[in-house]
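An overview of the molecular structure
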Amino acid sequence: QNPRLHWPLHVRTIVALGRLPHVRGLGALGEHDHRLIADAISETDLHALLDRRGNVLSGGELARVHIARLIAGGHELILADEPIANLDPRFQMEILGTLRRHTKEDRGAAVVLHDLNIAARHCDRLVLLNEGQAVATGTPQDVLTSENIETVFGVSSRYLKDAGIDQALGSRTPIASR
């Protein structure tokens, strides 16, 4: 949720750490490793930041670096808890776009999001939780129903397509206290 970096490592080194689990013993990174690192750097548009130290980056820049490190790892599934928390809209869209592209390569991403409109716009499938229990699973349209939103969040809402963009709008008025 709040990615931090405590060591003054260069961005290129941080991204390369994604390959660390694949290096045997004290071996060096191979050609395949370097190709995956370069692809992750390109995917997250980090070329201009490679020689900067991670501990002086903005929150959005650091989030992109951490996503690049994950992508460099070659994982089939990425699990991300609020990867866009505290980011401006540009970085939110970039991070979610990167994760979306990752899923197009026969890979997956499971992302925890609290913004229902962002989830509706960027996710193919949702799991709506209430106190750790799944209330609904399926497409955004199937999950973000008025009934489900009222049950979980206690607000009235409706699901819209506005100019082709999915939205789950909630009212400012809570239903009755539970």
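Rules and cut-offs
- Residues numbered from 1 in each chain as written.
- Predicted model: local features only at pLDDT ≥ 70, side-chain atom pairs only at ≥ 80, totals over all residues.
- Heavy atoms only, no water.
- Salt bridge = Lys/Arg side-chain N within 4 Å of Asp/Glu carboxyl O.
- Helix = DSSP H or I, 4+ residues; strand = E, 2+ residues; numbered from the N terminus.
- Buried < 20%, exposed > 50% of the residue type's maximum accessible area, 1.4 Å probe, protein only.
- Expected span 1.5 Å × (residues − 1).
- Contact = heavy atoms within 4.5 Å.
- Axes fitted to C-alpha atoms, helices over the stretch in contact; angles between N-to-C directions.
- Parallel < 35°, antiparallel > 145°, perpendicular 65-115°, else oblique.
- Nonpolar A, V, L, I, M, F, W, Y, C, P; charged D, E, K, R; others polar.

Here we come to the pattern of salt bridges. Under the counting rule described, the total for this entry stands at 7 salt bridges. Here D33 ties to R19 by a salt bridge, and the two come within 2.8 Å at their closest N and O atoms. Highlighted residues: D33 in helix α2 (residues 31–43) and R19 in the loop between α1 (11–16) and α2, separated in sequence by 14 residues. Accessibility classification places D33 together with R19 in one group, the buried group. One salt bridge connects E94 with R90, and the closest N-O pair in it is separated by 2.9 Å. Taken together, the positions of E94 and R90, both in helix α4 (residues 89–103) and 4 residues apart, correspond to about one turn of that helix. When salt bridges that share partners are traced, they join R64, R90 and E94 into one network.

Take helix α3 (residues 59–72) next. Over its 14 residues, α3 extends 20 Å from the first C-alpha to the last, a length consistent with the 20 Å expected when each residue adds 1.5 Å. In terms of burial, α3 is largely enclosed, as 11 of its 14 residues are buried. Those residues of α3 that are buried are in contact with α1, α2, β1 (77–81) and α4. Looking one or two residues past α3, G74 carries a phi angle of roughly 70 degrees, positive in sign.

Attention now moves to the packing of α3 against α4. It is at 10 Å that the axes of α3 and α4 come closest, and there the two elements cross at 10 degrees. As summarised for this structure, α3 and α4 are arranged roughly parallel, according to the angle between their axes. Across the interface between the two elements, G60, E61, A63, R64, I67 and I71 from α3 touch F91, E94, I95, T98, L99 and H102 from α4. Split into classes, the residues belonging to the contact of α3 with α4 amount to 6 nonpolar, 3 polar and 3 charged.

Glycine aside, a negative phi is what most residues show, and trans is what most peptide bonds show. Positive phi is not limited to glycine here, since E82 has a value of about 50 degrees. Structurally, the position occupied by E82 is in the loop between β1 and α4. Notably, E131 is not glycine yet its phi reads approximately 55 degrees, a positive angle. Examined against the element boundaries, E131 turns out to sit in the loop between β3 (126–130) and β4 (133–138).

Here E76 is to be found in the loop between α3 and β1. Between the C-alpha atom of E76 and that of A109, which follows or precedes it by 33 residues, the distance is 8.3 Å. Excluding residues that lie within four positions of it along the chain, E76 makes contacts with H102, R107 and G108.

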